[in-house]
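Structural description and commentary
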Amino acid sequence: MRAALLGLGLLAGLGAAEARTVRIVSADTLELRQVDGQELVIISGEAVELRVDDDVVRARRVEFNRTRRVLTLVGAASYRSARDSQDLRGENLVVELGQEQVTGEDVLISDSQLEIRGQEVERIPGQLRAAGGYFTTCARCGRTPNDFAFRAERLIVYPGDRLVAYRAQLLLADVPVLFLPVLVLPLNDRERQPRLEIGQDAVDGYTVQADLPFSVGSSTLGTTLLRYYQNRDPSVGLGVSLRSFAPLPLVDRLNLYALANPRPVGSSGYDLDLEFGVRGRLPLDLALRDLDYTLNVSRSEVGRSDTDPQRGVTNVTFGAKADYPLFTADFNYVNRFGPEPTTPLSTPLKLPEVTVDPKVYTSGNLSADFRVTAGRYTGASNPLSRSASAQGPNVTTERLEEQHALSYTARPWQDADLSLKNTFTGRYYGTGARTVQLTLGATLTQRFNTTNTLSVSGAYNRTEGTSPFAFDALGGRLLSAPLGVTLSAVPARDVTFGASYSRDLFLSPEQQGPLNFTLRVNRRPLTLDASSSVNLYTRQLESASFTATLSDPDAGQVTAGAAASGTATSGTVAPARPRSSAWPAPNLALSASGSYARQTGPGPLTLRATVTGDVRTNTFSAYLIHNVRTPDVNEIGVSYTLARTRDTVLNALTLSGSERLLPRTTDQGSGAQLIGDASLTWRGAYRLSTAHSLLLNRPASAPDSGTLTFSVGTVQGSATNWNVTYGGPYDLVRGGFTRPALSGSVNATRPGQNLALSAALNTPGLDQPRTELSRASLDASWLFGTRAALAGRAAYTRTRSGTFPDDRATDTLTLDPVRLSVGIGRSGQAPGAYLSGSLRQTFTWLDGVRQNPAPLSPVIGLTIDRCCWALQAEADLGLRRYRLAVGLPGQTFYPLFDLTDGNVRVPLVSP
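None of the values given here were measured: they were computed from a predicted structure.

Definitions and limits used
Residues numbered from 1 in each chain as written. Predicted model: local features only at pLDDT ≥ 70, side-chain atom pairs only at ≥ 80, totals over all residues. Heavy atoms only, no water. Helix = DSSP H or I, 4+ residues; strand = E, 2+ residues; numbered from the N terminus. Buried < 20%, exposed > 50% of the residue type's maximum accessible area, 1.4 Å probe, protein only. Contact = heavy atoms within 4.5 Å. Areas by Shrake-Rupley, 256 points an atom, 1.4 Å probe, with all protein chains shown as cover. Polar contact = N/O pair within 3.5 Å; in protein donor to acceptor, adjacent residues only side chain to side chain. pLDDT = per-residue confidence, 0-100. Pairing = 2+ DSSP bridges. Phe/Tyr/Trp six-rings, centres within 6.5 Å; stacked < 30°, edge-to-face > 60°. Lys NZ or Arg CZ within 6 Å of the ring centre and 35° of its normal. Patch = residues over 30% accessible without salt bridge, like charges linked within 9 Å, V, L, I, M, F, W, Y side chains within 5 Å. Salt bridge = Lys/Arg side-chain N within 4 Å of Asp/Glu carboxyl O. Lys, Arg positive; Asp, Glu negative; His and termini not counted. Charge placed at Lys NZ, Arg CZ, Asp CG, Glu CD. Core = buried A, V, L, I, M, F, W, Y, C linked by side-chain atoms within 4.5 Å.

Further remarks concern the overall build of the chain. Scanning the chain from terminus to terminus reveals two helices and 59 strands. Taking all 911 residues of the chain together, 31% fall into the buried category. Expressed as a percentage of contacts within the chain between residues at least 6 apart in sequence, the contacts between residues at least 24 apart total 39%. As presented, the chain carries roughly 51,400 Å² of accessible surface, and 57% of it is formed by carbon and sulfur atoms.

This next bit is on the environment of Gln841. Residue position: Gln841 is located in strand 53 (residues 833-846). It is 6.8 Å that separates the C-alpha atoms of Gln841 and Asp816, two residues lying 25 residues apart in sequence. In contact with Gln841, not counting residues within four places along its chain, are Leu813, Thr814, Leu815, Arg850, Ala854, Pro855, Leu856 and Ser857. In terms of polar contacts, Gln841 uses its side chain to reach the backbone carbonyl oxygen of Pro855, at 3.0 Å. In this structure the side chain of Gln841 is engaged in a polar contact, spanning 3.1 Å, whose partner is the backbone nitrogen of Ser857.

Next up on the list: unusual backbone geometry. With omega at -5°, the peptide bond leading from Asp233 into Pro234 counts as cis. As for its placement among the helices and strands, Pro234 is situated in the loop between strand 15 (220-229) and strand 16 (236-248). Of note, the amide linkage connecting Arg524 to Pro525 takes the cis form, showing an omega dihedral of 10°. Residue Thr450 is not a glycine yet carries a positive backbone phi of 70°. With respect to the helices, strands and loops of the structure, Thr450 is situated in the loop between strand 27 (434-448) and strand 28 (452-465).

Once that is clear, we can look at the confidence of the model for the chain. On average, residues of the chain score 85 in pLDDT, and 88% of them reach the 70 mark or higher. Contacts of residues 1-19 to residues separated by more than four positions or lying in other chains number 28 contacts, the stretch itself having pLDDT below 50. The model gives residues 561-578 a pLDDT under 50, and that stretch makes 18 contacts with residues more than four places away or in other chains.

Time to look at the environment of Ala719. Within the secondary structure, Ala719 is located in the loop between strand 45 (706-714) and strand 46 (720-731). For the pair Ala719 and Asn747, spaced 28 residues apart in sequence, the C-alpha to C-alpha distance is 7.6 Å. Residues in contact with Ala719, not counting those within four places in the same chain, are Asn747, Ala748 and Thr749.

Once that is clear, we can look at the pairing of strand 37 (residues 588-597). Bridge count between strand 34 (residues 540-550) and strand 37: eight bridges; the pairing is antiparallel. Bridging from a neighbouring strand, Leu550 pairs with Leu590 of strand 37. Sheet topology places strand 37 next to strand 38 (residues 601-602); two bridges connect them, and they run antiparallel. Note that in strand 38 the partner of Ala597 across the bridge is Gly601.

One pass over the full model with this rule turns up twelve aromatic pairs. Among the aromatic residues, those joined into a cluster by ring pairs are Tyr377, Tyr429, Phe469 and Phe471. Sitting over the face of the ring of Tyr166, Arg154 holds its NZ or CZ atom 4.3 Å from the ring centroid. Directly above the aromatic system of Tyr377 lies the positively charged group of Arg399, at a separation of 5.2 Å from the ring centroid.

On the surface, Glu91, Glu105, Asp106 and Glu120 cluster together into a patch of negative charge. Tracing the backbone shows Glu105 in strand 7 (residues 101-110).

When you line up the elements, Asp472 lands in the loop between strand 28 and strand 29 (479-480). Given a relative accessible area of 7%, Asp472 falls into the buried group. In terms of polar contacts, Asp472 uses its side chain to reach the side chain of Tyr429, at 2.7 Å. Residues contacting Asp472, with those up to four places away along its chain left out, are Arg399, Arg427, Tyr429 and Ser467.

Grouped together as the largest cluster of nonpolar side chains are 40 residues, with contacts concentrated most on Val62, Leu73, Phe135, Leu155, Leu163 and Ala165. In this structure, Val278, Leu291, Ala320 and Ala322 belong to the second largest nonpolar core, which totals six residues.

It is worth spelling out the side chain of Glu301 at this point. Considering the arrangement of structural elements, one finds Glu301 in the loop between strand 19 (291-300) and strand 20 (314-323). For Glu301, a relative accessible area of 5% corresponds to the buried category. Glu301 has contacts with Tyr270, Asp271, Leu272, Asp273, Arg311 and Gly312, leaving out every residue within four places of it along the chain.

Here we take up the pattern of salt bridges. One pass over the structure, following the stated rule, counts 45 salt bridges. Note that Glu464 is salt-bridged to Arg434, the shortest N-O span being 2.7 Å. On the criterion of sequence distance, the pair formed by Glu464 in strand 28 and Arg434 in strand 27 is long-range, its members being 30 residues apart. Judged by relative accessible area, Arg434 falls into the partly exposed class, the value being 41%. As a salt-bridge pair, Arg734 and Asp731 come within 2.8 Å of each other at their nearest N and O atoms. Judged by its relative accessible area of 39%, Arg734 falls in the partly exposed class. In the salt-bridge network here, residues are joined through shared partners; they are Arg770, Glu772, Arg798, Arg800, Asp807 and Asp811.

Relative to the helices and strands, Phe424 is located in strand 26 (residues 416-429). The class for Phe424 is buried, based on a relative accessible area of 16%. Between the alpha carbons of Phe424 and Phe370 there is a distance of 9.6 Å; along the sequence they are 54 residues apart. Once residues within four sequence positions are removed from consideration, Phe424 is found in contact with Glu402, Gln403, His404, Val436, Gln437 and Leu438.

With that settled, consider the pairing of strand 10 (residues 148-158). Of all eleven residues that make up strand 10, eight are buried, and the element is covered over most of its length. Note: strand 9 (residues 127-136) against strand 10, seven bridges, orientation antiparallel. Each residue of the ladder has a partner; that of Ala131, found in strand 10, is Arg154.

Laid out in structure tokens, this is it:
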């Protein structure tokens, strides 16, 4: 009862709160009041919880002003913003439902990156404002005091973008050390973070690229783009990238990217890149919704050559759409400014275009849809229009387009349906040209005995005229009048027959389409799908195909419930009929498929027989593919699956495999080929398998007949698995393996541990005299508690060059890498620093002699992780190189200096 009263009490007031929905999750009491002509709803309880859309409100007392649409959270309360993933906790929070705004005093704001405390806080969509604020990125670390923080008189936070603080103090361990009049702290968006790149180029000399973020007011965020090239004329480039949210009453979004970049060496002046976009709405009287408009201006010159046809071209696109109760209207303007195009335009210009689309009119079974479009266009010339082609690659003229679609449906008599339709598209051009597309159609469908239908259709299609534009050029037949007949019938139970024929009154007899037949039988044991087409003019069979199956696993069984065909008389129930058949072999399925085409003749005939055991997992299938034209046998194959199921634990054996024989044919250059595989699985965990692909009569130039392998191991996918394989190229003529190998692999995974080991051993064969290790690899990782980890990958390979016995062996050992990491910190807390040592090196031996010997070159690293900042130092003892980098919130590590052989390089000031 309480929940029902609460829901009814808020329903009327909250429904008007600009589509924001409030739902009461828990409360104790509900009270309605009238104060100074305003309606108040008082919600109180030990733990009041409300949902404002996806946001969560928690308090002990909530006062809802239905008149002003404001929620006041009395006392200590919290507000969770789902969109920004922010928590606001404070005293006497005020939530304005219409503006999605939250205000309060002594509020604590926290999200995944920041913690902000403010004496007065105001939250509006896309922005947070705080007066007398304190913020830090160290809050989520849980350390006290914070490593660094800031205190400011005024804060503005753009979630996911940046934080702007005015008159701020930098605090280290909560001790003031520096005063800053303005501070900008980037958050998540990497594209709007400060960037400074200094480099040196052989052509441009010294180069500088700097991106400096800024903000204007509370709605505009931007970045100043500075570019410097020593050898260009001029040397300095300037640009801006900004986005603004609702900067003006009628503008919802404004984006601007502009960059004047110095042209490459050898040219003078600037290249201009410009992207300007505006999106907004204008109120209209009597309209269903505001007018939506968009404006885009673009220009791209940076990186383009002097001969590029797009250089110096500015593209302008404007669109507006209005929706009224009786019609919709569109206005589009698409233009380009700059050099005249010398090639056909890929997209037509609209100078401008207006479309009026009345709403669909319906009256009973009649519907009508009209649309009119008028405008002036510039587009690629239609090569089929001589007058348009004479004007050049593009033509400009006016164009009026009228479209309509009419349809009418009726039922002239019992079990009959009549459908009439008319579509028309007419285009009229300022050059005097016109194009017309007209379609008239009618379809009459008669049903007989519910399951049988006969459809008669007729149509008249007319296409005429030549457009001066290529983008709306017409193609295809000029006149057509197809008359069609379609029959669908059920001549007997479980049998479906279909026939269709279409004749065009404007085509000669030899151009008419074929008569098509379809037949489907689904009566056990027979399943048949067949189709054919006959040319009535030549009286020849054009094509045919069929698929037939004889199978009934329930043969001999009687199943009640399927009534006999026919119509039962009044008061009489049709007797049950058996659904199964008298198929003599319930475990046998026979199938055949084939096809025929007049142009290519008969297709391959496929015959297949499948035997299924008493247990459905036991199957044996054999098939044959016969080339009827040759005639030859293209392929013979068998596949089988056998499972021992008497005792699924002790006798869980599964045997499966397949075998394919590809006989020799006239278009093959070699003899028959045998391809197959077989596997024996025990208890779903262990498997013995073999695979082969062999030419039974190999060419004399081939060194072997194919491959043959045997393997034993566990089924892949388990935490611990292993596999051993023997085999390789095999020669049937000489009767043995030519280059066999014995390979194996072991993979083991445990919590915090992983081991992967593989190796391959070459064994003696017909063309391989030695036994030697050809490759081995080890990939392992081991975690010791929560403070130390060891990981590494090692790979060994041996290759040979030359001719036996004078060939030479090359051995390679690669460590990539071997790494040891140790965490340093207080017991019971996450490590604050990590010390690591890694070795990444390659060793090479030629006939046992090491090539290019070099001492071990380990790399020692130290990372200090303080959650909100990090410091990384690295020492490469082999290269005698030392580097230091720092990482800040939202950024990767940025190098501070690089020391190599006594030379110091600072990336900020040296290239």
